[in-house]
Amino acid sequence: MLNEDQLPLVPEAQLPPKFCQYASGPCDQQFSTAIRSDALFVYPSKPENIADAIEGAANHLSRVAGDRVWTTWKNLDVPGQIIFCEICKAIRHSKLVVADVTTLNFNLMFEVGYAVGLGAPVLPIRDTSNIRDAKDFEELGLFDTLGYFDYSNSAHLSNEILSREGMVPLSLQKPTLNSDQPLYIVKGPIESDGMIKLMSVIKKSRLRFRTFDAKEVARISVHEAFKQTVSSRAVILHLLSPDTRGADVHNARCAFIAGLAMASQKHTVMIQQGAANQPIDYRDVVISYRKPAQIPDLLVPLLGDVIEEIQTTRFVPTALKLNPLQKIDLGDLAAENEIRALDSYFVPTAEYQEVKRGHARLVVGRKGTGKTALFYSLRSTFRPLRNHLVLDLKPEGHQFVKLREAVLATLPPGVQQHVLTAFWNYLLVVELAHQIAHYEASFAYRDGRIRGSFERVVRLLDEEETTEQADFSERLLNLVDRIVEKRSEISRLATTSEITNLVHSKPIRELNDALAEHLSIQRRDIWLLFDNLDKGWPIQATRAEDILLLRSLLEATRKLQRQFESRNIDVYSVVFIRNDIYQHLVLEPADRGKETPVMLDWDDRELLKDLVARRIAQSSGLDLDFDGIWATFFAPHVRGVDSFDYIINRTLMRPREVLRFVRESINTAVNRRHETVTEDDILEAERTYSADALVDITLEMKDVKPEYGDAPYAFIDSPAVVSRKQVEETLRKAGVTDGDLSRVIDLLLWFGVLGVYINEDDERYSHQYEHDPKRMTAGLRDYAFCIHPAFRVALNSSPEVDFRI
């Protein structure tokens, strides 16, 4: 038996929690009967060979180290009890949790998350003979931070565990409660109608929120999951149907975060569309829906609890002594999650200033280059000013699938554009009216000059819109449904005016005139901001209908500009799109030179220095320039290279990637109890960063064509510099057909996995050439290819130059 001085390292966890999601209140379990152990083994019951090996190791440890207590989950007394309640008590009273993560088991993911949330030492293990779920774990990314060791048999496992006695928990600094954004929502890679409805309900609650969006950031680290979860009052996780592509990885991520949330005593809701068998550990906290319309009733109790908690409690943070490195907060990788914080450290680039002056209608950049940050900064610049009306819309490409498939596919090209332009024109006018009706009532009734025009806008809006309680996403889908219902009528119409009248349902000229009158009285300008339109559109494989949708939006904004010009109202329109979408757009001769773009290419290292320095200064309180801040916290060199240059050279020069690498370096140093980031910390962080970068790229390539997703993995153990012949041979071995070789190589160049190698001082990558591979090879007769340094560690790419041109 254990002595009193051998109690676990987290004694506060041995008390029943004041809130448990299972009990929907204080924990109702007795802790006096809990088994206290030196190690608790949690593992799946199948495959049986894994279970046998772990149980054999536990039995062996009991024989050779019998003065200590070794417990498996099967030793727990669970008859008549909720199984996880017994596991929960065992985790709380164990000095070490040994978790087998050989297979992607949702119960295990939940239990590991729960243990991490309690602050217990966790030792993930995996059987090297079973590689079935290896790629899923790589895509998940959670255990890169925790680390794990491989075992081959029970004797090997028991010896490794004995050598790790006295493990300390992962160093995770508990964040303060985020009172500004109390909800954390985990979104999946598929934006279903249920997910749209869920987000609509959250937005209407007026509770601010943060999200994890797998389409924006493919992997999440333990540190980030812990920070986002523990700083929330409630966590909402939308589970995918098991037969949906990407469901295993997403639902495993949800299981881990749900474990973190419940251990941290957060309100936790797991929502499942349709019927599905749920893991036994958390099946009692999963709520299901058959139709999206049921979601409001499922979420209202949670939202009510959070609102009541905010109103009745005052959070007093625990004063913890932090060293300067632990105080650094680089913010969120997704701009959507730090809208207010952006005001403190947004970098006002020359491109931003061009857009702010109204000199650009398109903002063009790859994912992670800061398009959304610029979007929110523009909004926060103009929205507070009474002489501007800002309409910020984020329609997502997938929301138009029904319109494209049911209507556009059956219409001639000329009619398609008229339908879409009428669609956008109607939507913009109605949304401008909504903006005025919902946000300007107090001003209108204080200012007699605009009261009459305001009331006219509201009256006409009420006549035009029957779904005023819906949010933008729902209004958009309602309009799409209305057009789909009339598709047979549209195909019979002969003139554009007839098509316009049918799409609009009712004439909107009066509403348009009322808007112009109302705004002209106040001499206000209009800013139209559009982001996310191309979200979900395949990279480098966009359909002609998608480009037509964008072209029609641009035409509708120009039409609106002309309509308001006569009232001396300036209309500025800015659409944020990816590079490949822009390249498709300008292929049409009629579009060349019509739309003024700004290109977000961060090819100036000084800007990236400013980006990092502003964020570190904001959280650390240091009033120093970049050189002073970097020297305070980071080793000056890595392998003889300036340490910041070393990091920058291993990114694709996008802000999100630079921040991810720097943050991973800081997290590694904090885990190791270092007060500054050492050279070894940066090298260790590179392993996780490189794996993240590789997964991100493979997922983007899968969007182009699913079978292309594994192409980057073909270069595992490849030299860093290879000839075209070697590249083709490598890809053939990976299953790429001869007919697809040129296409795949072009994609690898466009995404930046491969570059053009001239010599060791001249490696060319697409981000240096505005993602135009043809410019990279212009004027070159002979050249080789090189793997970008961002991916070399993950691919175990050797640095030696070994190629034949």
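On a predicted model such as this, the values are computed, not experimentally measured, just so you know.

A. Broad picture of the overall build of the protein. Of regular secondary structure, the protein possesses 32 helices and 22 strands. By principal-axis analysis of the C-alpha atoms, the protein measures approximately 90 × 70 × 55 Å. Long-range contacts, defined here as pairs at least 24 residues apart, represent 78% of the contacts in the protein between residues at least 6 apart. Within the structure as shown, the protein displays about 34,100 Å² of accessible surface, and the carbon and sulfur contribution to it stands at 47%.

B. The arrangement of the pairing of strand S4 (residues 122-127) in detail. Of all six residues that make up S4, five are buried, and the element is covered over most of its length. Pairing of strand S3 (residues 97-100) with S4, which is carried by four bridges, proceeds in the parallel orientation. Looking at the pairing, Val-97 lines up with Val-122 of S4. The handedness of the S3 to S4 crossover, carried by helix H3 (residues 106-118), is right-handed. Summarising the sheet, S4 and strand S5 (residues 149-151) pair through three bridges and their orientation is parallel. Note that in S5 the partner of Arg-126 across the bridge is Asp-150.

C. Just the packing of aromatic side chains, in detail. All chains considered together, the criterion is met by 19 aromatic pairs. With a centroid separation of 6.4 Å and 40° between ring planes, the pair formed by Phe-110 and Tyr-114 is classed as tilted. Taken together, the residues Phe-110 and Tyr-114, both in helix H3 and four residues apart, mark about one turn of the helix. The class for Phe-110 is buried, based on a relative accessible area of 0%. Connected via pairs of aromatic rings, a cluster forms that spans Tyr-22, Phe-84, Phe-110, Tyr-114 and Tyr-282. For Arg-650, the ring lying beneath its charged end belongs to Tyr-646, and the centroid distance is 3.6 Å.

D. View of the side chain of Ser-718. Mapping Ser-718 onto the fold places it in the loop between helix H28 (679-704) and strand S18 (719-722). Apart from the residues lying within four places of it in its own chain, the contact partners of Ser-718 are Ile-787, Asn-796, Ser-797 and Ser-798.

E. Layout of the nonpolar core. Among the nonpolar cores identified, the biggest contains 128 residues, and Met-109, Phe-256, Leu-731 and Phe-791 are the most heavily contacted of them. In terms of residues, this core owes the most to one element, helix H9 (residues 247-263), which gives 11 residues. By size, the runner-up hydrophobic cluster in this structure holds 61 residues, among which are Leu-403, Val-419, Ile-547 and Ile-581.

Reading guide: rules and limits
Residues numbered from 1 in each chain as written. Predicted model: local features only at pLDDT ≥ 70, side-chain atom pairs only at ≥ 80, totals over all residues. Heavy atoms only, no water. Helix = DSSP H or I, 4+ residues; strand = E, 2+ residues; numbered from the N terminus. Contact = heavy atoms within 4.5 Å. Areas by Shrake-Rupley, 256 points an atom, 1.4 Å probe, with all protein chains shown as cover. Buried < 20%, exposed > 50% of the residue type's maximum accessible area, 1.4 Å probe, protein only. Pairing = 2+ DSSP bridges. Right-handed = clockwise from strand over helix to strand, strands pointing away. Phe/Tyr/Trp six-rings, centres within 6.5 Å; stacked < 30°, edge-to-face > 60°. Lys NZ or Arg CZ within 6 Å of the ring centre and 35° of its normal. Core = buried A, V, L, I, M, F, W, Y, C linked by side-chain atoms within 4.5 Å.

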